Amino acid sequence: MELIYHTWPWYISGFIIGLVMLSLIYFGKTFGMSSNLRTLCSLAGAGKKVSFFNWNWKSQRWNLAVVAGAMLGGFVATHYMSDPSNVSINPKTIEKLQTINIDAPEGKLMPDALFSTQVFQSPKGMFILLIGGLLIGFGSRYAGGCTSGHAITGLSNLQLPSLKAVIGFFIGGLIMAHFILPLIL
Amino acid sequence: MKLIKFILVGFIFGIVLTKSEAVSWYRIYEMFQFQSFHMYGIIMVAVLTGMIGIQLIKKFKLKDCSGEPICIGDKEPSTVRYLLGGVIFGLGWALAGSCPGPIFILIGAGFTTVIIVLLGALLGTFLYGVLKDKLPH
C-alpha cells in the first residue's frame, strides 16, 4: 500500500495513460486535452467575434467532464497520496537548476521560484507564466494537438503528422530549456 | 449520468499524471536536460500500450460501447503547421513546465498561480483563432 505514496514508476504510469486513451476510444471519443481550451473560449462567447470558435462545442461536454475528473484527481493525488520522497530528480539537474536560481524540489511538484503565490506580486513572474501559457495555447491549436492528441494518440495510431509535431515539441522544448531559460531566469 | 464515466477516466488520468510526476515542472526540465529516463519511459510505454490496443481494435474491427465501429481519423497531411506549431508549443511546454492536461490537474491540486498559465493558454488559443487564415498550414 505504501507504494502508492511514492513516485509511480514509468512503466506503470505509461501503461495506465495508454489505457486512459484506449478507454476514451472505446467510449467513442478521442483523447485530446488542448481541445478543451478551444471549447472554453467558445463557452466564454468568442464565437460571436471569431468564426473558429463558432462550432458545435456542446458536443465536447464529455471532454470538459474529463477535465473536471482530472482536476479532482490532481487534488486527491497531491493531498492524500503524496510523501516527501516525491520528485527526487537527478542531483545533476538540481545543481544545474541552482545556476538559474530555481529551488530544489524536496518533495514539491513545482518550484517556488516560478509558482509560489509570491509570483502574484511579481510582474516578471506573472509575465513568464502568461507567455508560457500563450505559447502552449497557440502552439497546440496551430499544431492541431498537444502531448495527449499527438504524442500519445497520434503516435499510437502511427500518424506521420503527429511525429512531425512531436519533433517540433522537442525542438521547442530544448531551445527553451537550454538557451532561453538561462537568459530570462 | 452519461458523463460519469468521463469524470472517472479524467480522475484516473489526474491521479496517474500527478503520481508519475508528469505534471511537475522539474520532471519536464529534467527530461529536456536528458538527465532521466523517467518521462521518456512514460511516453514510450503509453505509446506502446496505445499502439497495441489500436492494432487490436483494427484487426478485430472492434466496436465502441454504443455498438458503432471504431474509426480513428487520420491527421491531415502537412508539415509546416505540425513543425512550426509544435516548436511554439514546445517553447511553452518547457517554460511553464506543463501541457494542457497538467494545467488543469495542477489547478485542481491547488496551485493557484497555474491559473495564469491557463489564462495565457486561453489567450493563445484565441489568438490562433483570430490569425488562423493568415498562417501557413
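Because the structure is a prediction, the values reported are computed rather than measured.

Asks: Looking at this model, I keep getting lost on the UniProt feature "transmembrane region" (unreviewed entry) in chain B. Mind explaining?
Replies: Residues and elements named next belong to chain B. The sites that carry the UniProt feature "transmembrane region" (unreviewed entry) are, in the present numbering, residues 38-57, 78-96 and 102-131. Along residues 38-57, the helical share is 100% and the strand share 0%, with 28 Å between the first and last C-alpha atoms. When the span residues 78-96 is considered, its composition is 89% helix and 0% strand, and the gap between its end C-alpha atoms is 27 Å.

Asks: How should I be thinking about the interface of chain A and chain B in this particular structure?
Replies: You'll often see interface size given as the accessible area lost when the parts meet. Between chain A and chain B, the contact holds 129 residues from the first and 109 residues from the second. For the pair chain A and chain B, the two sides together bury roughly 10300 Å², of which 79% comes from carbon and sulfur. At the boundary of chain A with chain B, the tally comes to 0 salt bridges. Here chain A is connected to chain B by 34 residue pairs in polar contact (both at pLDDT 80 or more). Sorting the residues of the side of chain A that touches chain B by element identifies helix H1 (10-26), helix H2 (35-43), helix H3 (61-80), helix H4 (91-99), helix H5 (112-115), helix H6 (123-143), helix H7 (147-156) and helix H8 (160-184) of chain A as the ones contributing at least two each. With 19 residues, the top contributor of residues to the side of chain A that touches chain B is H8(A). By residue class, the composition of the side of chain A that touches chain B is 80 nonpolar, 40 polar and 9 charged.

Asks: Would you explain helix H3 (residues 38-59) of chain B in this entry?
Replies: An α-helical turn contains 3.6 residues, so any two residues separated by three or four positions project in the same direction. In this model H3(B) runs 31 Å from its N-terminal to its C-terminal C-alpha over 22 residues, within 8% of the 32 Å that 1.5 Å per residue would give. A positive backbone phi angle near 45° is found at Lys61(B), which sits one or two residues after H3(B).

Asks: Would you take a moment to explain the packing of aromatic side chains for this structure?
Replies: The relative placement of two aromatic rings is captured by the distance of their centres and the angle of their planes. By the definition in use, this model includes 23 aromatic pairs over all chains. Taken together, a centroid distance of 5.5 Å and an interplanar angle of 65° make the contact between Phe170(A) and Phe32(B) edge-to-face. With Phe170(A) in helix H8 and Phe32(B) in helix H2 (residues 25-32), the pair connects residues from two separate chains. For Phe32(B), a relative accessible area of 0% gives the class buried. Seen in terms of ring centroids, Phe89(B) and Trp93(B) are 6.0 Å apart; in terms of plane orientation they differ by 40°. Their pairing is tilted.

Cut-offs and rules
In this numbering scheme, every chain counts its residues from 1 along its sequence in written order. All chains are assigned letters beginning with A, and all ligands numbers beginning with 1, in the order in which they are written. Two thresholds apply to this predicted model, a pLDDT of at least 70 for residue-level local features and 80 or more for giving and counting side-chain atom pairs, whereas whole-chain, interface and lining totals are computed over all residues. Computation of side-chain values covers all heavy atoms of the structure but excludes hydrogens and water. UniProt positions are given in the numbering used here, feature names are shortened, and annotations may be inferred rather than shown by experiment. Working definition: helices are DSSP H or I runs of at least four residues, strands are E runs of at least two. Numbering for both runs from the N terminus. Contacts between residues were defined by any pair of non-hydrogen atoms, one from each residue, lying within 4.5 Å. What counts as buried area is the accessible surface, traced by a 1.4 Å probe, that two parts surrender upon association, with contributions from both included. A side-chain nitrogen of Lys or Arg and a carboxyl oxygen of Asp or Glu constitute a salt bridge if their distance falls within 4 Å. Any N or O atom pair separated by 3.5 Å or less is treated as a polar contact, with the protein-specific requirement of one donor-capable and one acceptor-capable atom, and with residues adjacent in sequence counted only for side-chain atom pairs. Under the convention adopted here, Pro, Cys and the residues Ala, Val, Leu, Ile, Met, Phe, Trp and Tyr are nonpolar, Asp, Glu, Lys and Arg are charged, and Gly plus all remaining residues are polar. The length a helix should cover is 1.5 Å for every residue beyond the first. Centres within 6.5 Å are what make two rings of Phe, Tyr or Trp a pair, Trp counting through its six-membered ring; a difference in plane orientation under 30 degrees is then read as stacked, over 60 as edge-to-face, and the rest as tilted. Each residue gets one of three labels from its accessible area relative to the maximum for its type: buried under 20%, exposed over 50%, partly exposed in between, using a 1.4 Å probe on protein chains only.

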